[in-house]
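Residue strings, one per chain:
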Amino acid sequence: MTSNGTRWALAGAATVTAVGVGRMIARRRRRHQAERADGWYVVRRGITVDRPMDAVIGFWTDRERLDRALAEWATLEQLDDNRWRCVASDPAGGGTEWRAELTVDGPGRLSWRVTEGPVTQQGQAELVPAPQDRGTEIRTELRWRSSPVRRTLGLTTGHDPEVGLRDTLQRIKSLVEAA
């Protein structure tokens, strides 16, 4: 048989633990959500690839490997030097189509912007040497415009650009390291 004091102490410890875990989860969730800046949702993601920068740049320029990296997410068709037609895969069997301009801003720097499509989007990717010669870091920034309702709908249906970016970076890392 436990005393009333012991019960209150256990209840207090459980409450403090629950509040602490709840705050930790909320803080972690905020840290991984896209931030808002000037009407854009902005997400920055990076990943370290255990290969030298030349190998990663070689991946970007090898059309077949790039197509495999994006296969589950989109197909690409080059229209001219820097314009591309992209079709995103839809689980229902359809697809969302848009046009994008890709610009190589220098060695290891690539930027893009959607010129025609359902969602205004732009982004950039930069390749930099990883600290302590551990390979190459791919640093990305993705910006898109969306209404709060559309953003919430995208989160609930799994069509979140942030998740797509994370998954694509993981796929690129595995393909580059496997080569």
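Residues numbered from 1 in each chain as written. Predicted model: local features only at pLDDT ≥ 70, side-chain atom pairs only at ≥ 80, totals over all residues. Heavy atoms only, no water.

Trainee: For the overall build of the protein, give the residues involved together with the corresponding values.
Mentor: When you go through the protein residue by residue, the secondary structure sums to 5 helices and 8 strands. Listed N to C, the secondary structure of the protein is α-β-β-α-α-β-β-β-β-β-β-α-α in terms of helices and strands. Of all intrachain contacts in the protein linking residues separated by at least 6 positions in sequence, the fraction that spans at least 24 positions is 44%. (Helix = DSSP H or I, 4+ residues; strand = E, 2+ residues; numbered from the N terminus. Contact = heavy atoms within 4.5 Å.)

Trainee: Can you tell me about the pairing of strand β4 (residues 83–89), naming the residues and giving the values?
Mentor: Pairing of strand β3 (residues 74–78) with β4, which is carried by 5 bridges, proceeds in the antiparallel orientation. Looking across to β4, one finds that Q78 is bridged to W84. The antiparallel hairpin formed by β3 and β4 contains 4 residues in its connecting segment. (Pairing = 2+ DSSP bridges.)

Trainee: Got a sec to walk through the pattern of salt bridges? Specific residues and values, please.
Mentor: A full pass over the atoms with the stated rule returns 11 salt bridges. One salt bridge in this structure joins E137 and R139, with 2.9 Å as the shortest N-O distance. The class of E137 is buried, set by a relative accessible area of 16%. A relative accessible area of 42% means that R139 is categorised as partly exposed. Salt bridges sharing common partners tie together E77, R85, E97 and R99. (Salt bridge = Lys/Arg side-chain N within 4 Å of Asp/Glu carboxyl O. Buried < 20%, exposed > 50% of the residue type's maximum accessible area, 1.4 Å probe, protein only.)

Trainee: Account for the pairing of strand β8 (residues 136–144), naming residues and giving values.
Mentor: The element β8 is extensively covered by neighbouring structure, given that 7 of its 9 residues are classed as buried. In this sheet, β8 lies alongside strand β7 (residues 121–129) in antiparallel orientation, the contact comprising 9 bridges. Paired with Q121 across the bridge in β8 is W144. The hairpin formed by β7 and β8 contains 6 residues between the paired strands, and Q132 there has a positive phi angle of roughly 60°.

Trainee: Before we move on, could you go through the sheet that holds β7 and cite the residues and values that matter?
Mentor: Read from one edge of the open sheet, 8 strands run β1-β2-β8-β7-β6-β5-β4-β3, paired in antiparallel fashion. The sheet is open, and its two edges are formed by β1 (35–37) and β3, each paired on a single side. Taken pair by pair, the neighbouring strands of this sheet meet at an average axis angle of 25°, ignoring direction. Seen against the sheet, helix α2 (residues 53–61) touches β2 (40–49), β7 and β8 and runs at an angle of roughly 150° to β7. The sheet contacts of helix α3 (residues 63–70) involve β3 and β4, and relative to β3 the element is tilted by about 150°. (Axes fitted to C-alpha atoms, helices over the stretch in contact; angles between N-to-C directions.)

Trainee: Account for the packing of aromatic side chains, naming residues and giving values.
Mentor: The description of an aromatic ring pair uses the distance of the two centres, along with the angle that the planes make with each other. Under the definition given, this model contains 1 aromatic pair. Relative to W144, the ring of Y41 has its centre 5.6 Å away and its plane inclined at 20°; by these criteria the two rings are stacked. In this pair, Y41 sits in strand β2 while W144 sits in strand β8, placing the two residues 103 residues apart along the sequence. (Phe/Tyr/Trp six-rings, centres within 6.5 Å; stacked < 30°, edge-to-face > 60°.)

Trainee: Can you lay out unusual backbone geometry for me, pointing to particular residues and giving the numbers?
Mentor: Although it is not a glycine, Q132 sits at a positive phi angle of roughly 60°. The phi dihedral of D133 is positive, around 50°, even though this residue is not glycine. Within the secondary structure layout, D133 lies in the loop between β7 and β8. Classification of D133 by relative accessible area gives exposed; the value is 78%.

Trainee: Can you break down the environment of G135 residue by residue, with the values?
Mentor: Tracing the chain through its elements places G135 in the loop between β7 and β8. Judged by its relative accessible area of 17%, G135 is buried. Apart from residues no more than four positions distant in its own chain, G135 is found in contact with V49, D50, R51, P129 and A130.

Trainee: Would you mind going over the packing of α2 against helix α5 (residues 161–178) in detail, with residue names and values included?
Mentor: Running from N to C, α2 and α5 cross one another at 110°; their axes reach a closest spacing of 10 Å. Judged by the inter-axis angle, α2 sits roughly perpendicular to α5. The handedness of the crossing between α2 and α5 comes out as right-handed. Mapping the contact onto sequence places V56, F59 and W60 in α2 and I172, L175 and V176 in α5. (Parallel < 35°, antiparallel > 145°, perpendicular 65-115°, else oblique. Left-handed = near helix turned anticlockwise from the far one by under 90°.)

Geometric values such as these leave the question of function open.
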